[in-house]
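Single-letter residue listing:
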Amino acid sequence: MSKLQRKPRQQQSVDLEAKYKRFELMENPFPTSPVNKDSTDRRINGTIYEADIRTKEYEKIETDFLKKAQTDPSHLRLGYIVDTSYIGRGNGKSAFLVNLINRMNQEYCLDISDELNKCFALYVAPELGGRTKTFDSFVDLIFGAIYSSGIIASSLASMRLDAIAEVYPDLKIDEDDEQKLIESLNSEEWLKKQGVESRKLMEVILKNKFLQKLPNEFPLLSFRHGFFDSFISKESFRETYQNLKKGREKLDFVFSHLVQMFMASGFNGAYIFVDDFERVPDFQSARQRRDFSAELRSVLLDGPYENARYGFFNMFLVLHAGVPALISEAWSSSGLDQRYPLSPKVASPHLIPFEKLNREHVSLLINKYLAEYRSDSFVGDNLAPFTLGAINIIAESSEYNAAIILRTCSALIEKSLADDRKDIDEDFVRSEIEKREGVVPGKEPSLDDSNATDLLKKATDG
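Quick caveat, the model's predicted, so the values are computed rather than measured.

### Some remarks on the overall build of the chain
Thinking step 1. Broken down by element type, the chain carries 18 helices and five strands.
Thinking step 2. Projecting the C-alpha coordinates of the chain onto the three principal axes gives extents of approximately 75 × 70 × 45 Å.
Thinking step 3. Counting the 462 residues in the chain, one finds 49% classified as buried.
Thinking step 4. Taking the intrachain contacts of the chain between residues at least 6 apart in sequence as the baseline, contacts between residues at least 24 apart amount to 75%.
Thinking step 5. Side chains of the chain give 61 positive and 72 negative charges; the mean places of these two sets differ by 4 Å.

Pasting the structure below:
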């Protein structure tokens, strides 16, 4: 018989149900990996976020930083988001940062500050394995965040748009899509099609009062050096930065010259959020920590940089619970602790405690992920298939650590489907936890585990 007519001994059932249909879910909604803001998976890129859990932290940042006038020279320039739990990673700080930055960049803080400030926000994460030991390598990360954020292209577009209004007042640019407008204003071909000479625009732009002290090597002035027009794009900035020497040249570029350009384009401030800051001091010697804190104080507060003069870049260091003790000596010797103490005796506006979740938060968190992957036909309890008792056990066994809670929920969904269960109740959760004897797959170490790092002890022991 021809293989075209031969059939297998077993065929798929025509009534086969989709895997997660039993729980009225499209997929398993719970992530098993840490937050990665560049991922396309909504479960781990911070897109699924319950803002009600971190209302207190957000309101403190908004009140003490974002709504304060950037033009006031005494405004706060350094803040600490400090984990109050010693249990380790996974308390939700990265997701909080990703959503805070997105919120700020929606309208560049103009809406938050009632148009008092126009600020952009950047996310910086020191590299794993101790590669970000020196302040030079830290500045490389900051420039990388500036470049990849697109804020250079936005600033160039803003300055060109203002210049077009002055040089070509009759030219009408009808474009409602802001991202497309930025791309057009950074396209030499598009400008030529509109009859716009980019050289004329640059001559107008360079009359801005904030640009009068720029060196000839800065990309905005490069078109003056050749016989042919050199169109300035964000790539011009990357190439220039890569050719700069370590130390003062790079610091001047980021903390003086870029600051001048951003102010010329209409911004009056910016925020740099440094996630997992402990990756820096964890690998530094005592001398390297002192040098790092001295450089940080210089660029933020009292060094020979435009940033120190205006307080343009404000920085938030995100710290795990033991990190303040780890870096306190360096902060003290550099004088930084006098202005922004790591452990003030009273509540201080520059210190934002990042507290552990409570039971209500855990229910909100689980409900948020379930809701994002519910079938349209779902009618019932928002927390189904989990019972409230099951959620309480999950929370307690996970020590209210958000990452462990989500991973545990993911594993319980899979196990309950494999066991043909219709719900995830208290007895089932307790039974699964006892089977694992506290070893949930991918579980973060607790202080009782032999492989765990006690950050407080590490800091105290130096």
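### Examining the side chain of Asp64
Thinking step 1. Its place among the elements puts Asp64 in helix H1 (residues 55-66).
Thinking step 2. Setting aside anything within four residues of it in sequence, one finds Asp64 in contact with Leu76 and Pro349.

### Focus on the nonpolar core
Within soluble globular proteins, side chains that are nonpolar tend to cluster in buried spots.
Thinking step 1. Core analysis: the largest hydrophobic core is formed by 80 residues, its most contacted members being Leu220, Phe313 and Trp331.
Thinking step 2. It is helix H9 (residues 248-264) that contributes the most residues to this core, ten residues altogether.
Thinking step 3. Dropping the residues within four chain positions of it, Trp331 is found in contact with Leu78, Tyr80, Phe277, Ser293, Leu296, Leu317, Leu336, Asp337, Tyr340 and Leu342.
Thinking step 4. Formed by 32 residues, the second largest nonpolar core is a distinct cluster that contains Tyr20, Leu406, Ile413 and Leu417.

### What to know about the side chain of Ser256
Thinking step 1. Relative to the assigned elements, Ser256 resides in helix H9.
Thinking step 2. Among all residues touching Ser256, those that are not within four sequence positions of it are Leu251, Pro304, Tyr305 and Glu306.

### Regarding the sheet that holds strand S1 (residues 78-83)
Thinking step 1. With parallel pairing, five strands are arranged side by side in an open sheet as S2-S3-S4-S1-S5. Sheet topology places strand S2 (119-124) and strand S5 (351-354) at the edges, where each strand pairs with a single neighbour. Averaged over all adjacent pairs, the angle separating strand axes in this sheet is 20°, with direction ignored.
Thinking step 2. Bridging between strand S3 (residues 269-274) and strand S4 (residues 313-319) involves five bridges; their strand directions are parallel. The partner of Ile272 across the bridge, within S4, is Met315.
Thinking step 3. Contacts from helix H3 (residues 135-149) reach S2, S3 and S4, with the element oriented near 125° to S2.

### Points about the pattern of salt bridges
Thinking step 1. By the definition in use, this model includes 33 salt bridges.
Thinking step 2. Of the charged contacts, one joins Arg103 and Asp111 as a salt bridge, the two residues approaching to 2.9 Å between their closest N and O atoms.
Thinking step 3. For Arg103, a relative accessible area of 28% gives the class partly exposed.
Thinking step 4. Take Asp111: its relative accessible area is 38%, and that puts it in the partly exposed class.
Thinking step 5. Connected through salt bridges with shared partners, the residues Glu27, Asp41 and Arg43 form a single ionic network.

### Regarding the packing of aromatic side chains
Thinking step 1. A complete count under the given rule lists 27 aromatic pairs for this structure.
Thinking step 2. Here Phe255 and Phe313 contribute two aromatic rings whose centre-to-centre distance is 6.0 Å and whose plane-to-plane angle is 85°, an arrangement assigned as edge-to-face. Of the two residues, Phe255 sits in helix H9 while Phe313 sits in strand S4, which places them 58 residues apart along the sequence.
Thinking step 3. The buried category is assigned to Phe255, whose relative accessible area is 0%.

### Comments concerning the environment of Arg89
Thinking step 1. Here Arg89 lies in the loop between S1 and helix H2 (93-106).
Thinking step 2. For Arg89, a relative accessible area of 35% gives the class partly exposed.
Thinking step 3. Once the C-alpha coordinates of Arg89 and Ala402 are considered, the two residues, 313 residues apart in sequence, prove to be 9.1 Å apart.

### Re the packing of H3 against H9
The geometry of a pair of packed helices is captured by two quantities: the angle between their axes and the separation between those axes.
Thinking step 1. Running from N to C, H3 and H9 cross one another at 30°; their axes reach a closest spacing of 9 Å. Here H9 runs roughly parallel to H3, going by the angle between their axes. The two elements H3 and H9 cross, and the hand of that crossing is left-handed. Residue-level contacts link Phe135, Val139, Asp140, Ile142, Phe143 and Ile146 of H3 to Lys250, Leu251, Phe253, Val254, Phe255, Leu258 and Phe262 of H9.

### Quick notes on helix H4 (residues 151-167)
Thinking step 1. Compared with an ideal rise of 1.5 Å per residue, which puts 17 residues at 24 Å, H4 spans 24 Å between its outermost C-alpha atoms and is within 8% of the ideal.
Thinking step 2. For H4, the complete set of buried residues consists of Ile151, Ile152, Ala153, Ser154, Ser155, Leu156, Ala157, Met159, Arg160, Ala163 and Ile164.

### Notes on a negative patch on the surface
Thinking step 1. On the surface, Glu107, Asp174, Asp176, Asp177, Glu178 and Glu183 cluster together into a negatively charged patch.
Thinking step 2. Turning to its location among the elements, Glu178 is positioned in helix H5 (residues 178-185).

### What to know about helix H12 (residues 323-334)
Thinking step 1. Taking 1.5 Å per residue, twelve residues should reach 16 Å; H12 reaches 17 Å between its end C-alpha atoms and fits that length.
Thinking step 2. The positive-phi residue at the C-terminal boundary of H12 is Gly335, with phi of around 90°.

### Quick look at the confidence of the model for the chain
Atomic detail in the predicted coordinates should be set aside for any region of low pLDDT.
Thinking step 1. Chain-level pLDDT for the chain is 90 on average; 93% of the residues reach the 70-or-more range.
Thinking step 2. Across residues 439-456 the pLDDT falls below 50, and counting only partners more than four positions away or on other chains, this stretch makes 27 contacts in the model.

### Re the pairing of S4
Thinking step 1. Across the seven residues that make up S4, a large majority, seven, are buried.
Thinking step 2. Burial along S4 is two-sided: the face carrying Phe313, Met315, Leu317 and Leu319 and the face carrying Asn314, Phe316 and Val318 are both buried.

### Examining unusual backbone geometry
Thinking step 1. Cis geometry is adopted by the peptide bond preceding Pro385, which originates at Ala384 and carries an omega value of 10°.
Thinking step 2. In the Ramachandran plot, Cys109 falls in the positive-phi region, its phi being about 70° despite a non-glycine side chain.
Thinking step 3. Cys109 gets classed as buried once you look at its relative accessible area, which sits at 1%.
Thinking step 4. Notably, Glu115 is not glycine yet its phi reads approximately 65°, a positive angle.
Thinking step 5. Tracing the backbone shows Glu115 in the loop between H2 and S2.

Rules used in this analysis
Counting restarts for each chain, with residues numbered from 1 along the sequence as it is written. Two thresholds apply to this predicted model, a pLDDT of at least 70 for residue-level local features and 80 or more for giving and counting side-chain atom pairs, whereas whole-chain, interface and lining totals are computed over all residues. To get the side-chain values, all heavy atoms of the structure are used, and hydrogens and water are removed first. Each helix corresponds to a stretch of at least 4 residues labelled H or I by DSSP, and each strand to a stretch of at least 2 residues labelled E; elements are numbered beginning at the N terminus. We call a residue buried when its accessible area falls under 20% of the maximum for its residue type, exposed when it is over 50%, and partly exposed in between, using a 1.4 Å probe and counting protein chains only. In what follows, a contact means two residues having at least one pair of non-hydrogen atoms within 4.5 Å. In this charge count, Lys and Arg are treated as positive and Asp and Glu as negative; neither His nor the chain ends contribute. Charge coordinates come from a single atom per side chain, which is NZ of Lys, CZ of Arg, CG of Asp or CD of Glu. By convention a nonpolar core is built from buried Ala, Val, Leu, Ile, Met, Phe, Trp, Tyr and Cys residues, the set being connected through side-chain atoms within 4.5 Å. When DSSP finds two or more bridges between two strands, those strands count as paired. Convention adopted: a line fitted to C-alpha atoms gives each axis, helices being fitted over their contacting stretch, and angles between N-to-C directions are expressed from 0 to 180 degrees. When a carboxyl oxygen of Asp or Glu lies within 4 Å of a side-chain nitrogen of Lys or Arg, that pair is called a salt bridge. For Phe, Tyr and Trp, where Trp contributes only its six-membered ring, two rings pair if their centres lie within 6.5 Å, and the inter-plane angle classes them as stacked under 30 degrees, edge-to-face over 60, or tilted in between. Should an angle fall under 35 degrees it is called roughly parallel, over 145 degrees roughly antiparallel, and 65 to 115 degrees roughly perpendicular, with every other angle called oblique. When the near helix sits turned anticlockwise from the far one by under a right angle, the crossing is termed left-handed; a clockwise turn instead gives a right-handed crossing. Given a helix with a known number of residues, its expected span is that number minus one, times 1.5 Å. Here, patches come from residues exposed beyond 30% relative accessible area and free of salt bridges, joined within 9 Å for like charges and within 5 Å for nonpolar side chains (Val, Leu, Ile, Met, Phe, Trp, Tyr). Every accessible area reported is derived by Shrake-Rupley at a probe size of 1.4 Å, with residue values counting cover from the shown protein chains alone. pLDDT is a residue-level measure of predictor confidence that goes from 0 to 100.

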